[in-house]
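Here are the chains, one letter per residue:
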Amino acid sequence: MAKTLTNTNFSFPKQKSVYHGKVRDVYNINDDILVMVASDRISAFDVVLPKGIPYKGQMLNQIAAKFLDATADIVPNWKLATPDPMVTVGLKCEGFRVEMIIRGYLTGSAWRDYKAGVREICGVKLPDGMRENEKFPTPIITPTTKAEAGHDENISREEIIAQGIVSEEDYITMEKYTRALFQRGSEIAASKGLILVDTKYEFGKRDGKVILIDEIHTPDSSRYFYADGYQQRFENGEPQRQLSKEFVRQWLIDNGFMGKEGQKLPELTDEYCQSVSDRYAELFENITGEKFSPAPDTDIAQRINDNVTKWLSDNEGVIR
């Protein structure tokens, strides 16, 4: 099996701090620039699985970079460069404590709630009589709070503004950007024979301006259906063919794990990890329309260190 990068411990020039997330490690350069390393870790049910997935970090980083570039004309974003296949360098912003989730179809957790009788999600009223995977007349925004630990919580637009989590002015901007990004993402997906079902966006603020941060439109943050056969499957009440991380969650569920106390993680064999990598490559190629080209993996950490250090040196004048 190809080598994976599951832990990082870099010491870049002018580095102030580092944040190790579930799957990405973010290095703070002089409180001005962020170096985001997309590791090969994989998480599900808020648990980081014990083995890495070959090339996962590269695939997610390159998908996100492609979509950040493809939407930069409609929404300002944090990205400056991708000096390594697994790294994006960008502007440090003050992140809002809200994730903007937008749904074009009734599926996933929204469907589970709806099936249980819920008719209002995050302050958005839902009509009776909808079916699983049915398209909403207009995409709905169902924000969540960004939890420091544990699960994110659903929250309404009104609560966000009333609690002062985000000002009304900034929230209106985030909503506008969310709809514009989803529209563009849906158009790009349609051109590849896909449906962008739902996704999440994160925003921050820099110099008084709302800016798109983090990754976008990757299979870790989004759900895609194949357009071909969608209508027939919907009419027949059959599951849709999906492009997302859902297949990993389903495998864990089938093996008795949903992240609950007392549940034991099933063994992740090298063969299973490689099969997940193959699925991610399929996702990459379908979403981008490009062939996946694996980066050299002899010493991934050294490669990243060299590439990022060179970029920081070459762009010293960009850093405040």
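Structural data are supplied above this passage.
Since the model is a prediction, treat every value here as computed from it, not as a measurement. (Residues numbered from 1 in each chain as written. Predicted model: local features only at pLDDT ≥ 70, side-chain atom pairs only at ≥ 80, totals over all residues. Heavy atoms only, no water.)

Visitor: Which parts of the structure should I look at to understand the pattern of salt bridges?
Guide: When charged atoms on two side chains of opposite charge get close, those side chains can pair. Per the stated rule, a full pass over the model turns up 27 salt bridges. In this structure, R41 engages D25 in a salt bridge whose closest nitrogen and oxygen atoms are separated by 2.7 Å. Of this pair, R41 sits in the loop between β3 (33-38) and β4 (43-44) while D25 sits in strand β2 (residues 24-29), placing them 16 residues apart in sequence. Taken as a pair, R41 and D25 share a single burial class, namely buried. (Salt bridge = Lys/Arg side-chain N within 4 Å of Asp/Glu carboxyl O. Helix = DSSP H or I, 4+ residues; strand = E, 2+ residues; numbered from the N terminus. Buried < 20%, exposed > 50% of the residue type's maximum accessible area, 1.4 Å probe, protein only.)

Visitor: Help me understand helix α7 (residues 270-288) in this model?
Guide: Every α-helix carries 3.6 residues per turn, so stepping three or four residues along brings you back to the same face. End to end, α7 covers 27 Å across 19 residues, agreeing with the expected 27 Å (1.5 Å per residue, within 8%). Taken together, the buried positions of α7 are Y272, C273, V276, S277, Y280, A281, L283, F284, I287 and T288. Of the surrounding elements, those touching the buried residues of α7 are α1 (56-71), β14 (194-206), β16 (222-226), β17 (242-243) and α6 (246-254). Remark: G289 follows α7 within two positions and exhibits a positive phi of approximately 75°. (Expected span 1.5 Å × (residues − 1). Contact = heavy atoms within 4.5 Å.)

Visitor: Before we go on, may I ask you to explain the packing of aromatic side chains in this structure?
Guide: Each aromatic ring pair is described using two quantities: the centre-to-centre distance and the angle formed by the ring planes. Applying the stated criterion across every chain, the model contains 13 aromatic pairs. With a centroid separation of 6.0 Å and 25° between ring planes, the pair formed by W111 and Y114 is classed as stacked. Residue W111 and its partner Y114 are located together in helix α2 (residues 108-115), separated by three residues, close to a single helical turn. Look at W111 and you get buried, because its relative accessible area is 14%. (Phe/Tyr/Trp six-rings, centres within 6.5 Å; stacked < 30°, edge-to-face > 60°.)

Visitor: Sorry if this is basic, but what is going on with α6 here?
Guide: Looking at α6, one finds that the buried residues are F247, V248 and L252. Down the axis of α6, the smallest arc covering the buried residues is 140°, so these residues share one side. On its buried face, α6 sits against β4 and α7. The positive-phi residue at the C-terminal boundary of α6 is G256, with phi of around 80°. (Arc of directions from axis to C-beta.)

Visitor: Teacher, can you tell me more about the environment of K310 here?
Guide: Mapped onto the elements, K310 comes out in helix α8 (residues 300-314). Placed 14 residues apart in sequence, K310 and P296 show a C-alpha to C-alpha distance of 18 Å.

Visitor: Would you take a moment to explain the packing of α6 against α7 for this structure?
Guide: Two measures define how a pair of helices packs: the angle their axes make with one another and the distance between the axes. Their axes nearest at 10 Å, the elements α6 and α7 cross at an angle of 150°. By the angle between their directions, the pair α6 and α7 is classed as roughly antiparallel. Judged by residue contacts, F247, V248 and W251 of α6 engage Y272, V276, R279, Y280 and L283 from α7. Considered class by class, the residues forming the contact of α6 with α7 number seven nonpolar, no polar and one charged. (Axes fitted to C-alpha atoms, helices over the stretch in contact; angles between N-to-C directions. Parallel < 35°, antiparallel > 145°, perpendicular 65-115°, else oblique. Nonpolar A, V, L, I, M, F, W, Y, C, P; charged D, E, K, R; others polar.)

Visitor: I tried to follow the side chain of T71 on my own but got confused; where do I start?
Guide: Mapped onto the elements of the fold, T71 is located in helix α1. A polar side-chain atom of T71 sits 2.8 Å from the main-chain carbonyl oxygen of F67. Those residues within four positions of T71 in sequence are excluded, and the remaining contacts are L181, R184 and I216. (Polar contact = N/O pair within 3.5 Å; in protein donor to acceptor, adjacent residues only side chain to side chain.)

Fair warning: the whole summary comes from geometry, so function is off the table for now.
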